[in-house]
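# Fold and geometry: a report
Residues per chain, in single letters:
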Amino acid sequence: MADNPNIPSKVIRNDPWFGSYAKRAEGMRASEIRALFAVANRPEVVSLAGGMPYLGRMPFDELADQVADMLRKQGQVAWQYGSAQGDPHLREDVLQIMELEGIKDAQPDDVVIVNGSQSGIDLITRVMCDPGDVILAEAPNYVGALGVFQSFQVDVVNVAMDGDGLIPEVLEQTIIEQRKAGKQVKMLYTVPNFHNPAGATMSRERRPKVIEIAKKYHVLIVEDNPYGLLAFDGQTYPALRSYDSEGIVYMSSFSKIIAPGMRVAWMVAPPGIRQKLVLANESAILCPSNMSQMTITTYLDNFDWKSQINDYRGMYKERCDAMDEALKEYLPYCSWLKPKGGFYIWLKIPDGLNAKDMLPRAITAKVAYVSGTAFYDDGQGADHMRLSFCYPTPERIREGIRRLSTVIDNELDTVRLFEPEVGTGTRKERG
């Protein structure tokens, strides 16, 4: 086998199994976000990179007592194997959460508990897609989903979005074009609420249109909705699943509203798909962790989780406002859409600059972000960066944007030596 120029020669020389891996392993790549963690988590660096929820307001002392009591009474269950479909108690609990988003017809048997949304994306792709099949996804794409899709050797075809989310007309045209090219379009993967990384939310008017188009062409919708309850104004948008129970696999997670360390998420699927998901879950992990599931149910049963989520909304709104104001002050020549919820601002930098090339200089200036290139699989995105406002305090956010502005200003000064017109445009996207 010829040497792959994209793989460092040191790896080729030192790995005795090079040349023996499955073809699917060749497409695996490190997440640009994970690669940043070691640097971005240094205390002197203001990290605007990771989408880590702020957990400082969780009632850990009281929760520790409740979990200890649960272990005393049910420890032999919590530390034992469980069902591949998930704990029945937790499957009942998630129905209450989904009712807030208009899903009122689901039953506990419709629910499958998975090890985080990442596992859910893996399972549905495993069940539905063969190599070469097409998955449609909003552009930019959620980086975790891209990694899964690449590992299963499917073709990810981007569908344009704007401030109101996925554009239905573009979706239909894309399906038609792919079919004309002889491709099999299996799924539409969408993050309709407070999109990661774009921050946009699919409008209420577009939701039924997207569903009708998918139904017309027999394309399964995978609705990934980890941020749905984190609208800053408390408004909860109707889930796509609330419109249709047959053509949509709904997925959500406790990672953003309670704790990512529990690795507990859930899926709701039509009966045939649900059965396949349970079998795939059993094949992949045997069963989700009883301990994690029972810790979540202990929290849901003993604490006012709705008030806790409302508290998060106010906290994240304050941090989003701080970032928006700092961007207005320090980077007025950039453009962005101010989100209505969630964790992220998707910043467009001036033409001629490259967010990925600029990142080492930002780290030197003690600020971290994620280059937009992480959210495409074809090299696009260098003109954007994802900024996360969820974890740092408002004061740290402001300082991080100030540091970032010095980096971008210096980049502009350098580029303008050769291209004086760079960076002279005005802001067009900000809402």
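Treat the numbers as computed from the prediction; the structure is a model and nothing was measured.

Put simply, helix α5 (residues 88-99) and helix α11 (residues 290-302) touch, their axes get as near as 9 Å, and they point 45° apart. By the angle between their axes, α5 is oblique relative to α11. The way α5 lies across α11 gives a crossing that is left-handed. Between α5 and α11, the contacting residues are His89, Leu90 and Asp93 on the first element and Gln293, Ile296, Thr297, Leu300 and Asp301 on the second.

Here we come to the pattern of salt bridges. Between side chains of opposite charge, a pair can form when the charged atoms approach closely. This structure, assessed with the given rule, holds 22 salt bridges. Across the salt bridge formed by glutamate 212 and lysine 215, the nearest N and O atoms sit 3.9 Å from each other. A residue pair is termed a helical-turn pair when its members lie 3 or 4 positions apart in one helix, as glutamate 212 and lysine 215 do in helix α9 (residues 206-216) at 3 residues. We classify glutamate 212 as partly exposed; its relative accessible area is 48%. For lysine 215, a relative accessible area of 47% corresponds to the partly exposed category. Three or more residues are tied together by salt bridges with common partners; here these are Lys317, Asp321, Asp324, Glu325, Lys328 and Lys338.

Next up on the list: the side chain of lysine 186. Inspection of the secondary structure puts lysine 186 in strand β6 (residues 185-190). A relative accessible area of 16% places lysine 186 in the buried class. A polar contact of 2.8 Å, which involves the side chain of lysine 186, links it to the backbone oxygen of methionine 128. Not counting residues up to four positions away in its chain, the partners in contact with lysine 186 are Met128, Cys129, Asp130, Asp133, Val134, Val219 and Leu220.

Turning to the packing of aromatic side chains, a few remarks are in order. Enumeration according to the criterion identifies 12 aromatic pairs in this entry. Ring centres of phenylalanine 254 and tryptophan 266 lie 4.9 Å apart, and the angle between their planes is 50°; on these two criteria the pair is classed as tilted. Remark: tryptophan 266 occurs in strand β9 (residues 265-268) and phenylalanine 254 occurs in the loop between β8 (248-253) and β9; sequence separation between them is 12 residues. Residue tryptophan 266 is classed as buried on the basis of its relative accessible area, which comes to 0%. The lysine or arginine in question, arginine 319, covers the ring of tyrosine 54, its NZ or CZ lying 4.5 Å from the ring centre.

A separate point is the sheet that holds β6. The strand order β2-β9-β8-β7-β6-β3-β4-β5 describes an open sheet built from 8 strands, whose pairing is mixed. This sheet does not close on itself; its edge strands, each paired only once, are β2 (111-114) and β5 (165-166). Both β6 and strand β7 (residues 220-224) contribute to a ladder of 4 bridges, which runs parallel. By the bridge assignment, leucine 188 is partnered in β7 with isoleucine 221.

Right, let's get into the nonpolar core. Ranked by internal contacts, the top residues of the largest apolar core, which has 86 residues, are Met98, Phe254, Trp266, Met385, Leu387 and Ile401. Sorting elements by how many residues they give to this core places helix α12 (residues 305-330) first, with 9 residues. If we ignore the near neighbours within four places in the chain, the residues touching methionine 98 are Ile103, Ala106, Val111, Tyr250, Trp266 and Val268. Core analysis: the next-biggest nonpolar cluster, separate from the first, contains 30 residues, Phe149, Val191, Met251 and Ala269 among them.

Cut-offs applied
Residues numbered from 1 in each chain as written. Predicted model: local features only at pLDDT ≥ 70, side-chain atom pairs only at ≥ 80, totals over all residues. Heavy atoms only, no water. Axes fitted to C-alpha atoms, helices over the stretch in contact; angles between N-to-C directions. Helix = DSSP H or I, 4+ residues; strand = E, 2+ residues; numbered from the N terminus. Parallel < 35°, antiparallel > 145°, perpendicular 65-115°, else oblique. Left-handed = near helix turned anticlockwise from the far one by under 90°. Contact = heavy atoms within 4.5 Å. Salt bridge = Lys/Arg side-chain N within 4 Å of Asp/Glu carboxyl O. Buried < 20%, exposed > 50% of the residue type's maximum accessible area, 1.4 Å probe, protein only. Polar contact = N/O pair within 3.5 Å; in protein donor to acceptor, adjacent residues only side chain to side chain. Phe/Tyr/Trp six-rings, centres within 6.5 Å; stacked < 30°, edge-to-face > 60°. Lys NZ or Arg CZ within 6 Å of the ring centre and 35° of its normal. Pairing = 2+ DSSP bridges. Core = buried A, V, L, I, M, F, W, Y, C linked by side-chain atoms within 4.5 Å.

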